[in-house]
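Here's the letter readout for the chains.
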Amino acid sequence: MKVARIKAGNDDLLKAEAAFWSQVPTEKLALAPTPLAMVQELSPFLAISKKHGATSALQVQLAHNGEMLAVRLHWASAKSDRVKDLNDFVDGAAVMFPASEGASAITMGAVGKPVNAWYWKADQKVPYEVLAEGFRFVRRQKDNAGSDLQASATHDGKGWTVVFRRSLGARNGLVRFASKQASGIAFAVWSGANAERSGRKAFSGDFAPLEFA
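Quantities reported herein were computed from a predicted structural model and do not represent experimental measurements. (Residues numbered from 1 in each chain as written. Predicted model: local features only at pLDDT ≥ 70, side-chain atom pairs only at ≥ 80, totals over all residues. Heavy atoms only, no water.)

Asker: Can you help me understand the overall build of the protein in this one?
Answerer: Looking only at helices and strands, one finds two helices and 14 strands in the protein. In terms of overall dimensions, the protein is globule-like: its C-alpha atoms have a radius of gyration of 16 Å, near the 17 Å expected for 213 residues. Principal axes of the C-alpha set define a box for the protein whose edges measure 50 × 40 × 30 Å. In the protein, which comprises 213 residues, the share counted as buried stands at 51%. Sequence separation of at least 24 residues holds for 64% of the intrachain contacts in the protein that already meet a minimum separation of 6. Just so you have it, the protein exposes about 11100 Å², and 51% of that area is on carbon and sulfur atoms. In the protein, 27 positive and 20 negative side-chain charges are present, and the distance between their average locations comes to 0 Å. (Helix = DSSP H or I, 4+ residues; strand = E, 2+ residues; numbered from the N terminus. Rg over C-alpha atoms; globule rule 2.2 N^0.38 Å. Buried < 20%, exposed > 50% of the residue type's maximum accessible area, 1.4 Å probe, protein only. Contact = heavy atoms within 4.5 Å. Areas by Shrake-Rupley, 256 points an atom, 1.4 Å probe, with all protein chains shown as cover. Lys, Arg positive; Asp, Glu negative; His and termini not counted. Charge placed at Lys NZ, Arg CZ, Asp CG, Glu CD.)

The structure is reproduced here in structure tokens:
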């Protein structure tokens, strides 16, 4: 997947309706339910979960201005953004990058081969970053240390548009982006109306190559 180089201020990168997005190519990805059999040892109950992965398609646009990377996601969805009872869950989305060579998005990395993910949840104002070395070892960055990740989200009655934005550079083991450095990208979407949370989600599969213009 290619990241377009655009001329825009950092504030504009976070705006879903900014004019420059009309010039950025859109990738249309098919999503599939996550294969939960692999978490049998960690959570037998989760491993037998069925009927998750309600979101089947995702539109993705990628852009940078030399300082920051913006990832614009759009997908069809009912709006679930409040938890009113124990049986309520909210919509969410994530973007994942390999933090080391050979890391797998399907397993959320492995010991010694971490991945870095950006998470947005519809009931939280601030997105957050995690580093993971497999399903057992997931560490949320406290106060997003080393990161200036932000997100904006709008729902038009038919679906969500979510924009992530973060500096190309980062600290504390988080992914740094460079034009000549090989990287990858993967995506996940949670449907709150379908009681999706944790591993119950739709995802794009393993990392697709990421190339900066």
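Asker: Looking at this model, I keep getting lost on the side chain of Ser-104. Mind explaining?
Answerer: Take Ser-104: it is sitting in the loop between β6 (92–98) and β7 (115–121). When sequence neighbours within four positions are dropped, the list of residues in contact with Ser-104 reads Gly-109, Val-115, Asp-206 and Phe-207.

Asker: How should the environment of Ala-32 be read in this particular structure?
Answerer: Relative to the elements of secondary structure, Ala-32 occurs in strand β3 (residues 32–33). Note on Ala-32: relative accessible area 35%, which makes it partly exposed. Residues Ala-32 and Phe-187, 155 residues apart in the sequence, show an inter-C-alpha distance of 11 Å. Residues within four places of Ala-32 in sequence aside, it is in contact with Lys-201, Ala-202 and Phe-203.

Asker: Sorry if this is basic, but what is going on with the pairing of strand β14 (residues 208–212) here?
Answerer: When a strand is regular, its side chains alternate between the sheet's two faces. Pairing between strand β1 (residues 2–5) and β14: two bridges, direction parallel. The partner of Lys-2 across the bridge, within β14, is Glu-211. By the bridge criterion, three bridges tie strand β12 (residues 183–190) to β14 in an arrangement that is antiparallel. Note that in β14 the partner of Ser-183 across the bridge is Leu-210. (Pairing = 2+ DSSP bridges.)

Asker: Teacher, can you tell me more about the pattern of salt bridges here?
Answerer: Any two side chains of opposite charge can pair, so long as their charged atoms come close to each other. The full count for this structure, using the stated rule, is four salt bridges. Residues Asp-81 and Lys-79 are paired through a salt bridge, measuring 3.8 Å at the closest nitrogen-oxygen approach. Judged by relative accessible area, Asp-81 falls into the partly exposed class, the value being 25%. Lys-79 sits in the partly exposed class, given a relative accessible area of 49%. (Salt bridge = Lys/Arg side-chain N within 4 Å of Asp/Glu carboxyl O.)

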